[in-house]
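Architecture and fold: a report
Chain residues, written in single-letter form:
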Amino acid sequence: MSPPSRLLFVCLGNICRSPTAEGVMRAVIDDAGLDGRILCDSAGTGGWHVGDRPDSRARAEARRRGIELTHRGQQVRAPDDLRPHDLVLAMDRANLRDLQAMAPPEWPDGRIRLLRDFEPGAPPHSEVPDPYYGGDDGFAEVYDICVAACTGLLAHLLDAEG
Ligand code: 4NP
């Protein structure tokens, strides 16, 4: 059996969007009976929240939907932070640019993508909006987007496996 694929979800602070995407993707993988075949982690391009739990509003929204976010904040800063991963999913275009600037030089194109590229029906270059400075409804919207995009992402990964 092939080794598990490793996914890294990346936003700015690693307390709102990317830990939500990580938790949702784990649930999607679990629901498909594929636990252990695909590993998920998340990180931020900024370092303000290293070691922190996800934002309480993100945790509350996740709990409302039936999952617990237990991640602790970490930062990606250098190619070696990306190398253990097979696919890196950026939440927005600024994250994508920052990640592309630190990509390992040997990486082929396509290992760093926008998460919403995998969401069926989403316009090209769609972003997961940053809910940090907004209200609780922003966290519900982020959660909904993550469910749609992560479901599409799993379908893509299974397709690619053949
Ligand atoms: P996230 O949201 O990138 O979805 O985790 C943010 C969290 C914190 C900050 C910015 C965005 N901040 O500036 O601390």
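Coordinates for the structure precede this section.
To start, this report covers the structure provided alongside it. Quantities reported herein were computed from a predicted structural model and do not represent experimental measurements. (Residues numbered from 1 in each chain as written. Predicted model: local features only at pLDDT ≥ 70, side-chain atom pairs only at ≥ 80, totals over all residues. Heavy atoms only, no water.)

Let's talk about the sheet that holds strand E4 (residues 112-114)
- The parallel open sheet is built from 4 strands, whose spatial order is E2-E1-E3-E4. One side of each edge strand has no neighbouring strand; the edge strands of this open sheet are strand E2 (38-44) and E4. Put simply, the sheet's adjacent strands are angled 25 degrees from each other on average, direction ignored.
- Where strand E1 (residues 5-11) lies against E2, 7 bridges are found, and the strand directions are parallel. Residue pairing for E2: valine 10 is matched across the bridge by alanine 43.
- In this fold helix H4 (residues 93-101) packs onto E1, strand E3 (87-90) and E4, with an angle of close to 175 degrees to the strand it touches most, E4. (Pairing = 2+ DSSP bridges. Helix = DSSP H or I, 4+ residues; strand = E, 2+ residues; numbered from the N terminus. Axes fitted to C-alpha atoms, helices over the stretch in contact; angles between N-to-C directions. Contact = heavy atoms within 4.5 Å.)

Structural notes on unusual backbone geometry
- Even without being glycine, asparagine 14 reaches a positive phi, approximately 60 degrees.
- Tracing the chain through its elements places asparagine 14 in the loop between E1 and helix H1 (17-31).

Focus on the pattern of salt bridges
- Taken as a whole, this structure holds 14 salt bridges when the rule is applied.
- In this structure, arginine 83 and glutamate 106 form a salt bridge, with 2.7 Å as the shortest nitrogen-oxygen distance. Placement of arginine 83 in the loop between helix H3 (79-82) and E3 and of glutamate 106 in the loop between H4 and E4 is noted, with a sequence separation of 23 residues between them.
- Here arginine 116 and glutamate 119 are joined by a salt bridge, their closest N and O atoms 2.7 Å apart. (Salt bridge = Lys/Arg side-chain N within 4 Å of Asp/Glu carboxyl O.)

Thoughts on the site of the ligand
- In the vicinity of the ligand, the contacting residues are Cys11, Leu12, Gly13, Asn14, Ile15, Cys16, Arg17, Trp48, His49, Asp130, Tyr132 and Tyr133.
- Calculation on the ligand without its partners gives an accessible area of 350 Å², and the protein chains cover 92% of this total.
- Considering only residue class, the shell around the ligand consists of 7 nonpolar, 3 polar and 2 charged. (Near = heavy atom within 4 Å. Areas by Shrake-Rupley, 256 points an atom, 1.4 Å probe, with all protein chains shown as cover. Nonpolar A, V, L, I, M, F, W, Y, C, P; charged D, E, K, R; others polar.)

Quick notes on the nonpolar core
- If you look at the biggest cluster of nonpolar residues, it comprises 33 residues, and the most contacted ones within it are Leu7, Phe9, Met25, Leu89, Leu115 and Leu153.
- Contributing elements (two or more residues each) for this core: E1, H1, E2, helix H2 (56-65), E3 and helix H5 (136-161).
- At 10 residues, the largest contribution of residues to this core is made by H5.
- The contact partners of leucine 7, leaving out residues within four places of it in the chain, are Met25, Ile38, Leu39, Cys40, Asp41, His85, Leu87, Leu89, Leu153 and Leu157. (Core = buried A, V, L, I, M, F, W, Y, C linked by side-chain atoms within 4.5 Å. Buried < 20%, exposed > 50% of the residue type's maximum accessible area, 1.4 Å probe, protein only.)

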